[in-house]
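# Tertiary structure, described
Listed below, chain by chain, are the residues.
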Amino acid sequence: AVALSFGNQYGVGLGQISSVVVAAALLALWAKAADRRVAAGLCLTVAQLKVATGVPVLLLFLRPRDWPTLLVTAVVGLGITFVAVPPHDLPGLTRD
């Protein structure tokens with residue numbers, strides 16, 4: 001009901017992604033409990049869009065058993081970065 005509310009849809013339309021990030025973090029935790037590592041990694045990638053929300057959730061995946069999930073998160077995150085920004089432009093962005 002909250003996801004379909006006018007206030008939430010209006011906020012997402014304005015670029016507020018907090019509800020999307022929280023939903024992704026919760027789905028990542030659910031997928032971890034269900035031992036679905038790839039799904040957890042994909043959801044964790046979306047949860048990292050907001051660092052203040054994503055990092056605490058990321059800390060829950062630091063056990064060696066969860067490293068495949070972190071690998072999926074890293075690969076998908078780098079893939080999204082290279083799609084959004086050409087690799088030859090990245091050094092210039094880090095200097096600014």
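Rules used in this analysis
- Residues numbered from 1 in each chain as written.
- Predicted model: local features only at pLDDT ≥ 70, side-chain atom pairs only at ≥ 80, totals over all residues.
- Heavy atoms only, no water.
- Helix = DSSP H or I, 4+ residues; strand = E, 2+ residues; numbered from the N terminus.
- Expected span 1.5 Å × (residues − 1).
- Buried < 20%, exposed > 50% of the residue type's maximum accessible area, 1.4 Å probe, protein only.
- Arc of directions from axis to C-beta.
- Contact = heavy atoms within 4.5 Å.
- Polar contact = N/O pair within 3.5 Å; in protein donor to acceptor, adjacent residues only side chain to side chain.

### Observations regarding helix α2 (residues 18-33)
For α2, spanning 16 residues, the distance from its first C-alpha to its last is 23 Å, which sits close to the expected 22 Å at 1.5 Å a residue. Those residues of α2 that fall on the buried side of the exposure criterion are Val-21, Ala-24, Ala-25, Ala-28 and Ala-31. Summarising the axial view, the buried residues of α2 lie within an arc of 125°, below the 170-degree limit, and thus occupy one face. What points out from α2, more than 90 degrees from its buried face, is the exposed set Leu-26, Trp-30 and Ala-33. Buried residues along α2 sit against α3 (37-47) and α4 (51-58).

### Description of the side chain of Thr-73
Within the secondary structure layout, Thr-73 lies in helix α5 (residues 67-84). On the basis of relative accessibility, which here comes to 10%, the residue Thr-73 falls in the buried class. At a separation of 3.0 Å, a polar atom in the side chain of Thr-73 contacts the main-chain carbonyl oxygen of Thr-69. If sequence neighbours within four positions are ignored, Thr-73 has contacts with Gly-41, Leu-44 and Thr-45.

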